[in-house]
Amino acid sequence: MTVSETTATVGVQALRPHAEDAFAHELKALAAADDRPRPARWKLSPWAVATYLLGGTLPDGTVITPKYVGPRRLVEVAVTTLATDRALLLLGVPGTAKTWVSEHLAAAVSGDSTLLVQGTAGTPEEAIRYGWNYAQLLAHGPSRDALVPSPLMRAMSDGTTARIEELTRIPADVQDSLITILSEKTLPVPELGQEVQAVRGFNVIATANDRDRGVNELSSALRRRFNTVVLPLPATPDAEVDIVSRRVEQLGRSLDLPAAPDGMAEIRRVVTVFRELRDGVTSDGRTRLKSPSGTLSTAEAISVVTNGLALAAHFGDGTLRPGDVAAGILGAVVRDPAADRVVWQEYLETVVRERDGWKDFYRACREVSV
């Protein structure tokens, strides 16, 4: 089997294909219909990139599915930022689709979302700049052949988009290695007496969580190099239900889970529970609630429902029921066994128990809470 055949086989079998592979037909249709000006080395025009993220119908009837459900202006600002010399910082609480938006932006702009630096407390400077092949280095000394380019260096050389996930988790001294790259568009390689200059089309998309600000706060010098777009939580229950149902359907297909008939009722119930506990008040505004320590994000709601579908498919009759989501909700809500369990029990007894049509859900939650 050739390398290309192996790559194709792996792509077909991938549990979670990259955005440019999963939505290749949409990107191809957009490119064919796109007659607007494109920035240097962009695969699509800014208008087409925004359409790819927000969804729409092309003149030939091709339906572009929404990748992000939220304010259109935020997407337009994010796309426009990438067409300038400013880097883009997507900021928000966990579960607001920052990584998802970042990946799809890179896929639509550059056709490649894989030039990724994952930020952690242990991310070294080499992940931002470059490293060395030490066998080559010891045998022949410093040379371009011995240099191992980082994803950012590769993006600079090719004029494409690089991504940095969880920027605020990266140590401050490593963060600051970005300043020269973002301001001067160059990456010095002093060991070789050379530099790599960014080709037109290069840019960076970074993500950061609001709740991580105390971990490694960005320096003012670095923050100035970014245009910050804050991604909010879904504004309405209907919007959040729409997001959860779309992503659950996509994940279900990739996992070969059968479509659950009448699953919308349970999806809406999960979203309602998460929003009420997150907001600290019931949907009718009558009862104040204590909020647990977790974020109860849209991403967690997607995970709860997907796990419920798997339970229904493999251990039930295929219909998503309260018992299929109860354990997942408990796990999402009760992160601190002491404090969060009290919050959850109070919510069960004062809200869920008294709500019309929620008796089965109450009983299922009581069973898993024992």
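Scoring rules and cut-offs
Residues numbered from 1 in each chain as written. Predicted model: local features only at pLDDT ≥ 70, side-chain atom pairs only at ≥ 80, totals over all residues. Heavy atoms only, no water. pLDDT = per-residue confidence, 0-100. Contact = heavy atoms within 4.5 Å. Pairing = 2+ DSSP bridges. Helix = DSSP H or I, 4+ residues; strand = E, 2+ residues; numbered from the N terminus. Axes fitted to C-alpha atoms, helices over the stretch in contact; angles between N-to-C directions. Phe/Tyr/Trp six-rings, centres within 6.5 Å; stacked < 30°, edge-to-face > 60°. Buried < 20%, exposed > 50% of the residue type's maximum accessible area, 1.4 Å probe, protein only. Lys NZ or Arg CZ within 6 Å of the ring centre and 35° of its normal. Polar contact = N/O pair within 3.5 Å; in protein donor to acceptor, adjacent residues only side chain to side chain. Salt bridge = Lys/Arg side-chain N within 4 Å of Asp/Glu carboxyl O. 1 Å grid on protein atoms, 1.4 Å probe; cavity = no way out; pocket = protein on both sides within 12 Å on 5 of 7 lines; lining within 4 Å. Points joined across faces, edges and corners; volume = space filled by probe spheres on them. Core = buried A, V, L, I, M, F, W, Y, C linked by side-chain atoms within 4.5 Å. Left-handed = near helix turned anticlockwise from the far one by under 90°. Nonpolar A, V, L, I, M, F, W, Y, C, P; charged D, E, K, R; others polar. Expected span 1.5 Å × (residues − 1).

Draft legend 1. Region of interest: the confidence of the model for the protein. Summing up the model confidence of the protein, the mean pLDDT is 91 and the portion of residues at 70 or higher is 95%. Here residues 1-11 is modelled with pLDDT under 50, and outside its nearest four sequence neighbours on either side it reaches 2 contacts, counting other chains as well.

Draft legend 2. Representation of the sheet that holds strand β10 (residues 203-209) in the model. The sheet built from 5 strands is open, its strands ordered β4-β7-β10-β3-β11 with parallel pairing. Each of the sheet's edge strands pairs with one partner strand only, and the pair in question is β4 (116-118) and β11 (226-230). In this sheet, neighbouring strand axes are inclined to one another by 20 degrees on average, regardless of whether the strands run parallel or antiparallel. Where strand β3 (residues 87-92) and β10 come together, 5 bridges link them in parallel fashion. The partner of Leu 89 across the bridge, within β10, is Ala 206.

Draft legend 3. Local environment of the packing of aromatic side chains. Overall, the coordinates contain 4 aromatic pairs when judged by the stated rule. Look at Tyr 130 and Trp 132: their rings are 5.9 Å apart centre to centre, the planes differ by 85 degrees, and that puts the pair in the edge-to-face class. The class for Tyr 130 is buried, based on a relative accessible area of 6%. With a centroid separation of 5.5 Å and 85 degrees between ring planes, the pair formed by Trp 358 and Phe 361 is classed as edge-to-face. The class of Phe 361 is buried, set by a relative accessible area of 0%. The ring of Trp 100 has Arg 247 lying over it, and the distance from NZ or CZ to the ring centre is 4.0 Å. Over the ring of Trp 358 we find Arg 269; its NZ or CZ atom is 5.1 Å from the centre of that ring.

Draft legend 4. Representation of the side chain of Glu 26 within the structure. Along the polypeptide, Glu 26 turns up in helix α3 (residues 24-33). Residue classification places Glu 26 among the buried positions, given a relative accessible area of 2%. Excluding residues that lie within four positions of it along the chain, Glu 26 makes contacts with Tyr 52, Val 63, Ile 64, Thr 65 and Lys 67.

Draft legend 5. Representation of the side chain of Gln 175 in the model. Along the chain, Gln 175 falls in helix α10 (residues 172-175). Within the local environment of Gln 175, its side chain forms a polar contact with the backbone oxygen of Leu 167, the two atoms lying 3.2 Å apart. Residues in contact with Gln 175, not counting those within four places in the same chain, are Leu 167, Thr 168, Ile 170, Asn 216, Glu 217, Leu 218, Ser 219 and Leu 222.

Draft legend 6. A look at the pattern of salt bridges. Overall, the coordinates contain 22 salt bridges when judged by the stated rule. The partner of Arg 268 in a salt bridge is Asp 238, with the nearest N and O atoms 3.0 Å apart. Taken together, the positions of Arg 268 in helix α14 (residues 264-279) and Asp 238 in helix α13 (residues 237-254) put the pair 30 residues apart, joining distant regions of the chain. The salt bridge involving Glu 349 is made with Arg 366; its shortest N-O contact spans 3.3 Å. Of this pair, Glu 349 sits in helix α17 (residues 339-352) while Arg 366 sits in helix α18 (residues 359-369), and the two are 17 residues apart along the sequence. Residue classification places Glu 349 among the partly exposed residues on the basis of a relative accessible area of 25%. A single salt-bridge network, built from bridges that share partners, covers Arg 72, Arg 73 and Glu 76.

Draft legend 7. Spatial organisation of the layout of surface pockets. Its volume calculated, the largest pocket comes out at about 650 Å³. As for the largest pocket, its lining consists of 30 residues, and the residues nearest its centre are Gly 95, Thr 96, Ala 97, Trp 100 and Ile 302. Counting only elements with at least two residues in the lining of the largest pocket, the list comes to α6 (98-110), β10, α13 and α15 (298-315). Broken down by element, the lining of the largest pocket gets its largest block of residues, 6 residues, from α13.

Draft legend 8. Spotlight on unusual backbone geometry. Of note in the backbone geometry, Arg 41 takes a positive phi value of approximately 65 degrees without being a glycine. Following the sequence through the fold, Arg 41 ends up in the loop between α3 and α4 (46-54). Positive phi outside glycine occurs at Leu 296, with the angle close to 50 degrees. Mapped onto the elements, Leu 296 comes out in the loop between α14 and α15.

Draft legend 9. The arrangement of the nonpolar core in detail. Core analysis: the biggest nonpolar cluster contains 36 residues, and Val 273, Phe 274, Ile 329, Trp 344 and Tyr 347 have the highest contact counts within it. Those elements that place two or more of their residues in this core are α13, α14, α15, α16 (322-333), α17 and α18. With near-sequence residues (within four places) excluded, Val 273 lies in contact with Ile 329, Trp 344, Tyr 347, Trp 358 and Phe 361. Among the nonpolar cores identified, the runner-up in size contains 34 residues, and Tyr 130, Ile 170, Ile 181 and Phe 226 belong to it.

Draft legend 10. The arrangement of the packing of α14 against α15 in detail. Where α14 contacts α15, the axes come no closer than 10 Å and their chain directions differ by 145 degrees. For the crossing formed where α14 meets α15, the hand is right-handed. Of the residues in α15, those touching α14 at Ile 267, Val 270, Phe 274 and Arg 278 are Thr 298, Glu 300, Ala 301, Val 304 and Val 305. A class-by-class count of the residues in the contact of α14 with α15 yields 6 nonpolar, 1 polar and 2 charged.

Draft legend 11. Examining α13 more closely. Relative to the 26 Å expected for 18 residues at 1.5 Å per residue, α13 spans 26 Å between its end C-alpha atoms, a close match to the ideal helical length. Within α13, the full set of buried residues consists of Glu 240, Val 241, Ile 243, Val 244, Ser 245, Arg 247, Val 248, Gln 250 and Gly 252. The inward-facing, buried residues of α13 contact α6, α14 and α15. The first or second residue beyond α13 is Asp 256, which carries a positive phi of 60 degrees.

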